[in-house]
Amino acid sequence: MRPALLIRSIHQLAEVLRSKSGEFSRVEAITGARVPIIKVVHTQTGIPIDISFNQLSGIQTADLVRRRMTQFPALRPLVMVLKLFLFCRELNEVFNGGISSYTVITMTLAFLRTHPLVAGGVIRAEENLGTLLLDWFHLYGYVQVPGRTAITESGFVPMV
């Protein structure tokens, strides 16, 4: 889709969402981002929703995340608490200086895969969420040095 047509379509969809008699609040079209989105909040539940355009990778990513959440039962509760922590500090929006949900998931996967007690089978992650949450904050707050290590879903890679 051509850029001008895409932008016009995004604004049209945003108008349709605004007209849905109170179904959505705070409808915002963000067309200047690398990936254009419409941000809305579902009025009844208060759940924020991002609608992206021209991104087939979203479907693949959602499938990958579902598989990882099945593979790592502790992933979902840890990510939910971390997302709430970031939300309370207004650090949950990339365009406002925060980090994305996918980044939180990737960081948490790397953490779970490399945590010595989890990886070594000494503890079950889903039975030690509090300890793991504190260890997560310790790892990313004190141990990892930004710019020296790349974080991948399978672990950490030194940057050259």
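The structure under discussion appears in the preceding block.
Residues numbered from 1 in each chain as written. Predicted model: local features only at pLDDT ≥ 70, side-chain atom pairs only at ≥ 80, totals over all residues. Heavy atoms only, no water.

By the definition in use, this model includes 8 salt bridges. Measuring nitrogen to oxygen at the nearest pair gives 3.3 Å for the salt bridge that ties glutamate 153 to arginine 113. One end of the pair, glutamate 153, is in the loop between β4 (149-152) and β5 (155-158); the other, arginine 113, is in helix α4 (residues 101-114), and 40 residues separate them in sequence. The closest approach of N and O atoms between arginine 124 and glutamate 127, which form a salt bridge, is 3.0 Å. On the basis of relative accessible area, arginine 124 is assigned to the partly exposed category, the value being 48%. A single salt-bridge network, built from bridges that share partners, covers Lys39, Asp50 and Glu93. (Salt bridge = Lys/Arg side-chain N within 4 Å of Asp/Glu carboxyl O. Helix = DSSP H or I, 4+ residues; strand = E, 2+ residues; numbered from the N terminus. Buried < 20%, exposed > 50% of the residue type's maximum accessible area, 1.4 Å probe, protein only.)

For lysine 39, the location among the structural elements is in strand β2 (residues 37-42). Lysine 39 gets classed as buried once you look at its relative accessible area, which sits at 10%. Residue contacts for lysine 39: discarding those within four places in its chain leaves Arg26, Val27, Glu28, Ile30, Ile49, Asp50, Glu93 and Phe95. (Contact = heavy atoms within 4.5 Å.)

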